[in-house]
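Survey of secondary and tertiary structure
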Amino acid sequence: MELTRRTFLAGAAVAGFSALAVGATGCSSENQLSDTGADNAPRGADETIDCDIVVVGGGLSGLAAAVQAGANGDRTVVLEATGAFGGAGHGVEGIFAINSPLQKELSIDVSKAEVLTDETASTNYTNSGLHWSRMIDASADNIAWLLEQGAEFSGVVDTYMPGGRFNCFHWWKNGHAADGYVPQMIARAEALGVDMRATTVAEELIVEDGVVRGLYASANGKSTLRVNAKAVILAAGGYIGNPDLLASQMLITEDEMATACLETAQLLYRTGSGVNMAKAVGAKTHPAPCIEGWFQPADLPVGDAAITHTLQITDKVNFRKFYVDSGMFMGAGMAIWVEEHGQRFTNEAAALQEAERTFTTRKFYKEHYQVFDSTLVEAIYGEPDMAEAFDQFLTDYPTSILKADTIEALAETVGLDPQSLRETIDTYNGYCSAGVDEDFGRDRQLLVPISKAPYYIFRCEISGDATLGGICTDIDFHALDNQKNPIPGLYMAGVDSCMLYNCVYPLGVPGTACCNSVHSGRISANTAHAEIA
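A short tour of the structure in this document, coming up. No experiment lies behind these values; they were computed from the predicted model shown.

**Section: the pairing of strand S12 (residues 368-373)**
- Across the 6 residues that make up S12, a large majority, 6, are buried.
- The side-chain alternation of S12 yields two buried faces, one formed by His368, Gln370 and Phe372 and the other by Tyr369, Val371 and Asp373.
- Pairing of strand S11 (residues 336-339) with S12 involves 4 bridges; the strand directions are antiparallel. In the sheet register, Val338 faces S12, and the bridge partner there is Tyr369.
- When S12 meets strand S14 (residues 455-468), the two strands line up antiparallel, connected through 5 bridges. Across the sheet, Gln370 pairs through a bridge with Phe458, a residue of S14.

Structure, rendered in structure tokens:
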């Protein structure tokens, strides 16, 4: 079944790679300002507009900022690089909150202290507890506010997926923000008089007397726009499509990334423009960012979460059901992971308790692979529709999941040392027989031997929607400089500002990245409103 990752992109008339190149060049940090005290030289402009607040990015956080700013009575302009608003938010399925109107209707009670402790403990208390506290406190009001703006929910509030620990995930209408959030917020922003400009790529901040006073942008790749503003909110969607930033900020090489993810992110301008513009005026980058994403078999046309739903393996099974819902992306507690020398490197089953927990440790290796046998295939693909999908997947994507009748032959399919992989499997199977994983402490109940041919292996590549953590902010979402002082006139929102995580994006408390986008969008707009009044 020939399918394409461009299904989701078809509705977005993007400006194209020539404009992307202009934006990336204009935002490069190497040749820009290094501190906030220096002003930059004026540029010529084909058009100049004046406003109170300019928002860069029309995704989840940008739309929240735009609507809030418009409701506050501020003259607001939104610049969206692509031809359509919504960004990565189209594929977002729901949002976190506690004590929301919907939870009260369902008699769901969730403790702030439990959620906050769970999240801060998950990173050994190395994330920002105060950012978490403020967001959790505001989460119920955010849901009520969204309902007032016309956003729509399915009415279901649950744990999102197996392993979720709290009933705090509010599903959007039809399970996507594309139906429950994006069109409603666009309509609301327009009703409030917000100037919404698509195919307009922000390039450089304007600094006068040490204060950010607006920006320059490329309009439709043809003309230069100058926006004079009292406040700039950067909500540009992170840098999952920028290999240089991934390498410098996250120790992730371009070879580790799925080509489809990089291409999708670049088409949708998730290339670090906001982060680079802020860095150019002296902003401090987040010390331990992470990716809202997953590992998947190599050579797949899956570039973000939206495509997991639209990519059909068979008429009855899409990629989401085949790979994510089945548990294959976590190894279903039955696979093992090995690095480029065929050695295990972690307790693979830890992913069952927290899907993203093992994400960080895997990036310390040049390569890593998921190895499993027919026992796992029969367990998760035994039902007829799923069995058909597995066979179809192997046919359609012959270089993604490879199989062989022996471990040695399996190793050769991906260039691993056959003896090394054989020894690793034998050692692991011995632990299964003994009931004790002497290397990594995998739970006895999850010690399932890899012993039934045929055997399977795939090289893991990273795909996902966004990076989480770009520029450091305070709790009011001022961008901070290297001395942790606010940069006058500059605010951050969404994934460009996310201060909640440290190297890993936990899913045990689901929907928090989306919540941060709405929360930071609203707070940045409210902070700017108060300070420019």
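More follows now that the structure is in view.
**Details of the packing of aromatic side chains**
- Counted by the stated rule, this structure contains 19 aromatic pairs.
- Note on Phe322 and Tyr381: the rings are 4.9 Å apart at their centroids and 20° apart in plane angle, and the pair reads as stacked. Of this pair, Phe322 sits in helix H12 (residues 319-325) while Tyr381 sits in the loop between helix H15 (374-380) and helix H16 (384-396), and the two are 59 residues apart along the sequence.
- With relative accessibility at 1%, the residue Phe322 sits in the buried group.
- With relative accessibility at 3%, the residue Tyr381 sits in the buried group.
- Each ring, one from Tyr381 and one from Phe390, has its centre 5.0 Å from the other, and the planes form 25°; the classification is stacked.
- Owing to a relative accessible area of 3%, Phe390 belongs among the buried residues under this scheme.
- Through a chain of ring-to-ring contacts, the aromatic side chains of Phe319, Phe322, Tyr323, Phe329, Phe372, Tyr381, Phe390, Phe393, Tyr397, Tyr456 and Phe458 assemble into a single cluster.

**A word on the sheet that holds strand S4 (residues 153-158)**
- Taken in spatial order, the 3 strands make up an open sheet running S3-S5-S4, and their pairing is antiparallel. Each of the sheet's edge strands pairs with one partner strand only, and the pair in question is strand S3 (94-96) and S4. Pairwise comparison of adjacent strand axes, ignoring direction, gives a mean angle of 25° for this sheet.
- As paired strands, S4 and strand S5 (residues 169-172) are joined by 3 bridges and run antiparallel to one another. Residue Asp158 lies in a different strand from S5, and its bridge partner there is Phe169.
- Helix H19 (residues 512-532) rests against S3 and S5 of the sheet, and its axis sits at about 80° to S3.

**Quick notes on the pattern of salt bridges**
- Scanning the model with the defined rule gives 23 salt bridges in all.
- The closest approach of N and O atoms between Arg320 and Glu93, which form a salt bridge, is 3.4 Å. Taken together, the residues Arg320 in helix H12 and Glu93 in the loop between strand S2 (76-79) and S3 connect sequence positions 227 residues apart.
- With a shortest N-O distance of 2.9 Å, Lys452 and Glu378 are connected by a salt bridge. Of this pair, Lys452 sits in the loop between helix H18 (418-434) and S14 while Glu378 sits in helix H15, and the two are 74 residues apart along the sequence.
- If you follow the salt bridges from partner to partner, you end up with Arg344, Glu348, Asp437 and Arg442 in one network.

**A closer look at the state of the cysteines**
- Evaluation of the coordinates by the stated rule reveals 0 disulfides.
- Free cysteine Cys432: the closest other cysteine sulfur is in Cys460, separated by 19 Å.
- Cysteine Cys460 is unpaired, with the sulfur of Cys261 as its nearest cysteine sulfur at 15 Å.
- Residue classification places Cys460 among the buried positions, given a relative accessible area of 5%.

**A word on helix H9 (residues 259-267)**
- The set of residues buried in H9 consists of Ala260, Cys261, Leu262, Thr264, Ala265 and Leu267.
- A positive backbone phi angle near 60° is found at Tyr269, which sits one or two residues after H9.

**Describing the environment of Ala528**
- One can find Ala528 in helix H19.
- Along the chain, Ala528 and Lys230 lie 298 residues apart, while their C-alpha atoms are 8.3 Å from each other.
- Residue contacts for Ala528: discarding those within four places in its chain leaves Ile53, Ala231 and Tyr491.

**Looking at unusual backbone geometry**
- Cis geometry is adopted by the peptide bond preceding Pro454, which originates at Ala453 and carries an omega value of -5°.
- Within the secondary structure layout, Pro454 lies in the loop between H18 and S14.
- The phi torsion at Phe477 lies on the positive side, around 70°, for a residue other than glycine.

Cut-offs used in this document
- Residues numbered from 1 in each chain as written.
- Predicted model: local features only at pLDDT ≥ 70, side-chain atom pairs only at ≥ 80, totals over all residues.
- Heavy atoms only, no water.
- Buried < 20%, exposed > 50% of the residue type's maximum accessible area, 1.4 Å probe, protein only.
- Helix = DSSP H or I, 4+ residues; strand = E, 2+ residues; numbered from the N terminus.
- Pairing = 2+ DSSP bridges.
- Phe/Tyr/Trp six-rings, centres within 6.5 Å; stacked < 30°, edge-to-face > 60°.
- Axes fitted to C-alpha atoms, helices over the stretch in contact; angles between N-to-C directions.
- Contact = heavy atoms within 4.5 Å.
- Salt bridge = Lys/Arg side-chain N within 4 Å of Asp/Glu carboxyl O.
- Disulfide = S-S within 2.5 Å.

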